[in-house]
Structure formats: structure tokens, C-alpha cells
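# Working through the structure, step by step
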Amino acid sequence: MKASSSQYSNQGHISTGLSSLDNLLGGGIALGKITEFAGSYSTGKSTLVLQMIASSQKHKHDTLYVDTEYSFTIPYAEKMGIDCSKMDIIQERLAEDMLDSVEEWATNHKRSLIVLDSVGGILPREEAEKSSESRSIGLQARIISSFCRKIIGILAEN
């Protein structure tokens, strides 16, 4: 197969809600892809993704907010333009349960936006069961990399 005939080469974009950022990103966040926003604490990453959810809802996309830090509030989301009755949310304590729920949701929703806020809040089961003195080096990274390998095909197809 030639690369030009790949069905996964360009599936469109979801607007960030900020035209200058959309232009910088070539039209917004690419559908079927994983995009990561990184930055220091309190720089607006969560606000940006809430704006993206509001923009996605305006274009009739299904939306999922995965709240690993239990910081989601309805009043702030509504101020950002989100219809909370149309947005799904996952708030699971353990990473494995949460990521399995995300995988299941992604399998059943096409042209959708999934926001995982944030990777730093993911708690692996093994870490949760150990004492605070025990070390669990690399658990979060292993879980996220495994999840990414599993979900990327689902995202490309849906």
C-alpha cells in the first residue's frame, strides 16, 4: 500500500477553541492521535482542555474527561462553555481501572475527544498497596506506555 492511500493519514482536527493555537497546530488537535500538553503547575493546561471540550461539543463530538486529580468542578466547566450533561467523566482511584474504562469508552465513541487530566495523578495499583516508604520506580511510565500501545489503534479506527 502507498502512504498516500492510507485511511489513517488525515482524519481531521478538533478545534482547541483558540484560533491562533489551531493555526499553529495545523487546524487543531489531530483526530485519531494522542496529543500531550505539558507545563508547570497552574499554567492553564486544564483550562485549555476544558476549552477544547466546549469547542468539541459545539461540533457535536462526544467528550470524555478523565479526572485523575479529582479537581473537576461543574461551575468552572460551565463557565468554560461545557454542557456537563453531554460530557462523560471518569474518576477512578486506580490507574488500571481508569485506563480500562477509557479504553472501553473509546471503543464505543467515534470522532470524540478524550482528555486525561493529568498523567501525574495516575495511581498504579501496586503503588497504592505499598507503604509510603516503599519505592515503585517506573510504574506510572510502564502503565501509560502500555495504555498508549493499546489505545492508539482504537483511536485511529474511531
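Residues numbered from 1 in each chain as written. Predicted model: local features only at pLDDT ≥ 70, side-chain atom pairs only at ≥ 80, totals over all residues. Heavy atoms only, no water.

### Observations regarding the pattern of salt bridges
Scanning the model with the defined rule gives six salt bridges in all. Taking the shortest distance from any N to any O, the salt bridge between Glu-96 and Arg-125 comes out at 4.0 Å. Of this pair, Glu-96 sits in helix α4 (residues 95-107) while Arg-125 sits in helix α5 (residues 125-129), and the two are 29 residues apart along the sequence. By relative accessible area, Arg-125 is classed as partly exposed at 30%. Notably, a salt bridge pairs Arg-125 with Asp-97, separated by 3.1 Å at the nearest N-O pair. Within this pair, whereas Arg-125 is found in helix α5, its partner Asp-97 is found in helix α4, the two being separated by 28 residues in sequence. The partly exposed category is assigned to Asp-97, whose relative accessible area is 32%. Members of the salt-bridge network, linked through shared partners, are Glu-96, Asp-97 and Arg-125. (Salt bridge = Lys/Arg side-chain N within 4 Å of Asp/Glu carboxyl O. Helix = DSSP H or I, 4+ residues; strand = E, 2+ residues; numbered from the N terminus. Buried < 20%, exposed > 50% of the residue type's maximum accessible area, 1.4 Å probe, protein only.)

### Here we look at the sheet that holds strand β4 (residues 87-90)
Pairing is parallel in the open sheet, where three strands are placed in the order β4-β3-β5. In the strand order of this sheet, the two ends are held by β4 and β5 (112-117), each with one partner. Sheet twist, expressed as the average angle between the axes of neighbouring strands with direction ignored, equals 15°. Looking at chain direction, strand β3 (residues 62-67) and β4 are connected through four bridges and run parallel. Paired with Thr-63 across the two strands is Met-87, which belongs to β4. (Pairing = 2+ DSSP bridges. Axes fitted to C-alpha atoms, helices over the stretch in contact; angles between N-to-C directions.)

### Some remarks on the packing of aromatic side chains
The tally for this structure, following the rule as stated, stands at one aromatic pair. When the centroid spacing of 5.3 Å and the interplanar angle of 45° are considered together, the rings of Tyr-65 and Phe-72 count as tilted. Tyr-65 sits in the buried class, given a relative accessible area of 2%. (Phe/Tyr/Trp six-rings, centres within 6.5 Å; stacked < 30°, edge-to-face > 60°.)

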